[in-house]
Amino acid sequence: MALHLNLLHEEILEQRQRQRDPLKIGMLVLASCGAVLFLYYAWNAYRVIEIKARLNHITAEWKKIEPQVTKAQKRSAELTSIINTTRVLDDYIDNRFFWGPLLEKLSRCVPPNAQLTSLEGQLLDDERGGGISVTIDGVAAAREPRSAAEDLRQMLLEQLGKSYHDVKAEFKALEDMETVAKIGGANVPMSHYVLLVTFNPNAKAKPAASPVPNRTKRRTNDNESS
């Protein structure tokens, strides 16, 4: 039997170890990368699970309070509607017009030789400029009855202009009548007039033009003659 002796076994072992070292390093690197990736995906999976748990918790809480939120929204809409309606009513009340003070002013403007037979007032809509329109139908008696009616128009402009804005007064009709009136024992002619008065009660009052002096003097002379 032949006997073989390996005198280079140490060199061969070193050579094999050198060949195995890169493989070990590569395996270690791959193992490290795998561990890092595992930890990364494990962390992401943990975060996803946590987010899903929070979402489920929030969804459960929302299902509990959703009826209350819906009810509160409906109640809020109702309250908003009530508030808007109240504001409209408040504006209507604040901007309403009182006819009593106007009638009081009209009574002070009518001279003794003039009478009002009918009075019609109405609120104008926005298409016609808003404000108040008053139609006065009456008769006046004097030596110059048309002048007495003109005195009434001027007095209305003066007195209403102290409280209202954009006061206008114009005759829709002014004509002499065949009948006469007896004032102070004397017969004086009469005239029939229809006077249209318009003004804005909500704006700031603007004084109207003062009466014509000669008209006032003429009315005084008529009263003295009567």
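Placed above this text is the structure.
In what follows, the accompanying structure is described. Note that the structure is a prediction, hence the values are computed from the model and not measured.

Time to look at the pairing of strand 3 (residues 165–183). Pairing between strand 3 and strand 4 (residues 186–200): 13 bridges, direction antiparallel. Considered in strand 4, the bridge of Ala-181 is made with Val-188. What sits between strand 3 and strand 4 in their antiparallel hairpin is a turn of two residues, with Gly-184 showing a positive phi close to 60 degrees.

With the exception of glycine, most residues fall at negative phi, and the peptide bonds are largely trans. Of note, Asp-166 is a non-glycine position whose phi angle comes to about 55 degrees, a positive value. Within the secondary structure layout, Asp-166 lies in strand 3.

Considering all chains together, one arrives at four salt bridges under this definition. Here Arg-75 makes a salt bridge to Glu-78, at a shortest N to O gap of 3.4 Å. Taken as a pair, Arg-75 and Glu-78 lie in helix 1 (residues 9–94) at a separation of three residues, close to a single helical turn. Judged by its relative accessible area of 46%, Arg-75 falls in the partly exposed class. Across the salt bridge formed by Glu-104 and Arg-108, the nearest N and O atoms sit 2.7 Å from each other. Of this pair, Glu-104 and Arg-108 both sit in helix 2 (residues 99–109), separated by four residues, roughly a single helical turn.

So, on to the sheet that holds strand 2 (residues 132–141). Think of a sheet as strands paired side by side through backbone hydrogen bonds, with each pair either parallel or antiparallel. Here four strands make up an open sheet; going across it, the order is 1-2-4-3 and the pairing antiparallel. Edge strands, defined here as strands with exactly one partner in the open sheet, are strand 1 (114–123) and strand 3. Sheet twist, expressed as the average angle between the axes of neighbouring strands with direction ignored, equals 10 degrees. Across the sheet, helix 2 touches strand 1, strand 2 and strand 4, and the angle it forms with strand 1 is around 155 degrees. Packing of helix 3 (residues 145–160) onto the sheet brings it into contact with strand 1, strand 2, strand 3 and strand 4, and relative to strand 3 it is tilted by some 150 degrees.

With that settled, consider the packing of helix 2 against helix 3. The contact between helix 2 and helix 3 brings their axes to 9 Å, and the two run at 140 degrees. In terms of orientation, helix 2 lies oblique with respect to helix 3. Between helix 2 and helix 3 lies a crossing of right-handed hand. Residue-level inspection shows Leu-102, Lys-105, Leu-106 and Cys-109 of helix 2 in contact with helix 3, the latter providing Leu-152, Met-155, Leu-156, Gln-159 and Leu-160.

Here is what the cut-offs are and how they apply
Residues numbered from 1 in each chain as written. Predicted model: local features only at pLDDT ≥ 70, side-chain atom pairs only at ≥ 80, totals over all residues. Heavy atoms only, no water. Pairing = 2+ DSSP bridges. Helix = DSSP H or I, 4+ residues; strand = E, 2+ residues; numbered from the N terminus. Salt bridge = Lys/Arg side-chain N within 4 Å of Asp/Glu carboxyl O. Buried < 20%, exposed > 50% of the residue type's maximum accessible area, 1.4 Å probe, protein only. Axes fitted to C-alpha atoms, helices over the stretch in contact; angles between N-to-C directions. Contact = heavy atoms within 4.5 Å. Parallel < 35°, antiparallel > 145°, perpendicular 65-115°, else oblique. Left-handed = near helix turned anticlockwise from the far one by under 90°.

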